[in-house]
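# Structure assessment
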Amino acid sequence: MKENNKILQLIYVAWRERWSDSQWGINIKKVLPRGVSGDVYNLADCLMQQALIGSTANPLVLNYLKHSLCAHLVSHAAVLRCISKYDKLERVYCITSLLEFLASIVDGVTCRIRSEEAVLPSSVVHLVYWLLQIFARTVQHYELYGEISAEQSYMLDQICVVIDRLSQQQFLLSMLYVGCHEELEICSRIRDKYSSIKGSLTNSNFTLNAPNVEQQLQQLAYIEAKHLDMQSLNPPPSLEKISCCVQPLLAVEVLLNPCKDTSYYVAELQMLQRLKRYTNTRIFYEIIRAGFLTLSNVADTSPDTMWGAFMFFKMPHIIKQLHALQRIPGEQPPPADYIPELVEALELLIEDNLLLDFMDTKCSCNMIEFLLNDWTKQQLVNDVHVKKFASHRETASQLLKKCDNGQQTPSNINFIKRAEVPLSGVLKTLCTNKVQDMVNVLCQVPVGNSFELILSVATVEGRLKTFVSRLIQCNENSKPVPGELGKLCVIRSTLFDVSFLMLTSIVQTYGSDVVLSERGDSFFEKWVRECMVERNKLKNPRQILALCDDSIVDELLLSLSKPEAAQLKPSNLSWQETCLNLPGVLHHVLIAWEQETLSSADVKSILDNMKRRLFSFSVCATSFLCAYMYSVKETELLKPLNMIQQFLAPLSSEELSSQENAKERLTLSYQIIRKMQHDVHPAPNTKSRLISHSPLVEQFREVWRIVVDAGHLPVRAAQTLESLLLAGGAAWLATQLVEQLLACKYTRDMSRTMDVVFAVMHLDIEKTTEALLLYVVAPLLLRRQGEDVNEPQSLVLARLCVYCIISCLETRSGNVFPALTAMKKRSRSHDEEELTANAAKVRKVIGDGSDNSSDFTDNAAGAGLGAILGSTSTGELRATPLTIREPLQRSVQHIFGVFLQFVSGDELSPKAVFVYQFISLLVECGGERVAPVLRLLPASLVQQLLKVLVTDDIRVGLISRLYDLRVQTGRQSAVADLCLWRNMQMARHSIHL
């Protein structure tokens, strides 16, 4: 109080003697203790009170206040708070003087010490509220009386000047933005006051001299992060005429996760749409174009079938969900019979004559018409659009048909739509208990490529698990009935055989983790867990033999080696018991053959007798032989290999005719046996992606040349890259991909390559992201600084890292649907060569046994859209993650630690620029979704970066988005960085002056 009295007394003396500003400055420093701010003794309050005692402000005392401000005797925060406390709003002259004073200091507002930083945001919020109070009081006076005085008009003009200055000061806007998260009640009052101002202006038709002030008032009242300047590093979609990311990403996802339901793909595409800032029209165009591009490059039957089914059955539901999720509440509902954005996308697609010509030739039809005719039933387009687009392509399609002359082999896409009805029929029949009907239906499925077509449709429609569960039930119901003989027994055996073979083929294609329950107790599920050899899931032959019963093995040996003698003794063995005990039989045969107790002819006879009974027996036998081959030396492989080859020997026409539907079952068993054999011991002349004498690097470069030449990611290339990932590991593949990215010379090529690389990393996004952050980026920047890791390569590399983190973060955070949270990867597409691994040629890579695929819906892929929309108010399928889980957290912490080292010096380097680009892109692309990542930023990283990066690249918009402003620590960190930014900016500009 002693110093306060001295200050007041000094103010009286200064005013009475009319001191100059310099005299005031000299004398006030004698009163204030050395090194102590005037804020401690409320110097600003004292001066303000004395300046505003009368009906008009005292200009001399206000000058003392301004001098104290310039001499850093008081803080800007204290002055602004004092002004906002002045509540005698009826004193027009005083208010006008304060507004003029504000206009003179607002451009220089800053903070010098930590105590000032804590007060400034709140002071700015209260100041804005004070300004709106004055503004509202004036316009309400005009609304009531129809006029205002000249003094009030001048005061209103001064308010507009201050508001204009305030709106143009990014630092003050950022303080207001931070302060609004702290002063929630005052922020609410500001918005209420703005609403009343807007209502008064509307009611009174009052015309302001400053035309932009109403918009500026709205900006101050509803301040958001988008109002704060931030340099954009993510290129706008307008610069990217054709996306190189959607097709590769879909190619990878359909390859790895064909069984996922629609919401999984929608979430992936939503993530990509946010990263690329695509409109619905653009994303729809890219999705359809991706389907056509992939189909145009598919030569094999299986991918052709899968992608055709994806286009016809999955894509319409994806488009529907994307459209529904992007709708704004309260917006005018779209037309009921079509989606306007889809029509716009088709108008873009119809201009790609080359691609459509190729598709028309391949499919021997007008592909657009063929596709849209189906989409009309789902109300994606209507008949008017179909006629319009079909007529646009009619002339070209007719010309292509004439040029073709019927030489083109029809594509499977022409038969895909027909497979939906047989699938429904099969599922319906499997629900019945009529054994003969089930046999008739199931034996027709493996004919030609019907099985692949039905599987493809079941997969993309989300009905594969239903199909498998009913096949398992059918297999269980086919157990032999005691005492049953004759035709009924034969029918039951045929039903067991065909259902067993179909189930085995499905497990080989997709993996047991995807299609079977973890604890299923059916015979087939137990056999798969304990006896079946799968890719990357080895079985111990000793454990398989431990399941055998010696007495049953002896009985089987007798019946297979001497079938005539065995017929005299009736057998009660079931087919299930035979399957489980065949390994024991084969083990005895192998030992006897090795010891020359049995001749080759005897072995051939036993194996033929085994195959003649049921074709599933030869599959069970092959599975054991493959497990056995894993456990023996290379010199001991010949005999089990010859036994497998005997199972592949053709049957005579008499043998085929002796059984019903034998040909179809035999063909399916051959396919299964070949896949099993190929997995263990591929033929030397097989052209496989993992079996090659050339180094992995050369194989990678070869497939990458194919990708570059094609301009997109063919399915075969995606399969090869996946095999290289398994062989070389995530770190190796990430390194090779980044090397290809940095090898590009032009920005456009780099952007396209980055898109493809980003998609390829989704072969295992978690492991490749971990490898990228831990083992690739930091060594690359340290080793090759000043070479090719400079602009623009560093920007593209930073964008790749950020994209991968966001994708990995959203994948790890899971989905709003519990069924999708268990997703990890590794369901398989229909490719025989995918089952390749050669232990003698390359290192063995064993897949993670914990990899599982999520359950998928029983009905069509698009079902449940209403539930989806009801469960998420934000129109997003993937919720914003609250935390980061391992290994992403460890990887991010590591790269942030490396960044701190990069900016610890005083020199500006490409490494520091990369740090800025990384953080800026993370904020720009991730928004609120990367909040868990930003929480891991080291405390001093941003301030060190500000000191090193002396350019104007870092702006308040970036700093304000880095912290969680809902908590006190986040606000404190943001204000500290913003004040440092402000002081450095002012110092830089003063040097220029």
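Rules used throughout
Residues numbered from 1 in each chain as written. Predicted model: local features only at pLDDT ≥ 70, side-chain atom pairs only at ≥ 80, totals over all residues. Heavy atoms only, no water. Helix = DSSP H or I, 4+ residues; strand = E, 2+ residues; numbered from the N terminus. Buried < 20%, exposed > 50% of the residue type's maximum accessible area, 1.4 Å probe, protein only. Areas by Shrake-Rupley, 256 points an atom, 1.4 Å probe, with all protein chains shown as cover. Contact = heavy atoms within 4.5 Å. pLDDT = per-residue confidence, 0-100. Core = buried A, V, L, I, M, F, W, Y, C linked by side-chain atoms within 4.5 Å. Expected span 1.5 Å × (residues − 1). Phe/Tyr/Trp six-rings, centres within 6.5 Å; stacked < 30°, edge-to-face > 60°. Lys NZ or Arg CZ within 6 Å of the ring centre and 35° of its normal.

So, on to the overall build of the protein chain. Helix and strand counts for the protein chain come out as 48 helices and 0 strands. Out of the 993 residues in the protein chain, the part that is buried amounts to 56%. Here the protein chain has roughly 42300 Å² of accessible surface; of this, 51% comes from carbon and sulfur atoms.

Looking at the secondary structure, you find Ser-512 in helix 25 (residues 512–515). Ignoring anything within four residues of it in the chain, the contact list for Ser-512 reads Val-507, Val-528, Glu-534 and Lys-537.

What follows covers the environment of Asp-352. With respect to the helices and strands, the residue Asp-352 is situated in the loop between helix 16 (340–349) and helix 17 (353–363). Residue classification places Asp-352 among the partly exposed positions, given a relative accessible area of 21%. Residues Asp-352 and Arg-289, 63 residues apart in the sequence, show an inter-C-alpha distance of 9.2 Å.

In the predicted model, the protein chain carries a mean pLDDT of 83, and 86% of its residues have values of at least 70. Counting interchain partners and residues more than four positions distant, the pLDDT-below-50 stretch residues 685–691 has 21 contacts. Within the model, pLDDT remains below 50 along residues 813–874, and this stretch shows 166 contacts once partners closer than five positions in the same chain are excluded.

What follows is about the nonpolar core. Of all hydrophobic cores here, the largest spans 340 residues; its most connected members are Trp-130, Phe-135, Phe-292 and Phe-467. Not counting residues up to four positions away in its chain, the partners in contact with Phe-292 are Met-311, Leu-349, Leu-355, Leu-356, Met-359, Met-367, Ile-368 and Leu-371.

Our next topic: helix 6 (residues 92–105). Every α-helix carries 3.6 residues per turn, so stepping three or four residues along brings you back to the same face. Between the first and last C-alpha of helix 6 there are 20 Å, a value that for 14 residues agrees with the 20 Å anticipated at 1.5 Å per step. By the criterion of burial, helix 6 is predominantly enclosed, with 11 of the 14 residues buried. Buried within helix 6 we find Val-92, Cys-94, Ile-95, Thr-96, Ser-97, Leu-98, Leu-99, Phe-101, Leu-102, Ala-103 and Ile-105.

Further remarks concern the packing of aromatic side chains. Within the structure shown, the criterion is met by 24 aromatic pairs. Look at Phe-758 and Tyr-803: their rings are 5.4 Å apart centre to centre, the planes differ by 65°, and that puts the pair in the edge-to-face class. Of this pair, Phe-758 sits in helix 39 (residues 747–760) while Tyr-803 sits in helix 41 (residues 793–813); the two residues are 45 residues apart in sequence, bridging distant segments of the chain. Measuring from centroid to centroid gives 6.3 Å for Phe-899 and Phe-902, while their planes differ by 40°, and the two rings are tilted. Of this pair, Phe-899 and Phe-902 both sit in helix 43 (residues 888–902), 3 residues apart, which is roughly one turn of that helix. Grouping residues by exposure puts Phe-899 and Phe-902 together as buried. Taken together, the ring pairs in this structure connect Phe-496, Phe-500, Phe-523, Phe-524, Trp-527 and Trp-575 into an aromatic cluster. The ring of Trp-593 carries the charged tip of Lys-639 above its face, separated from the ring centre by 5.3 Å.

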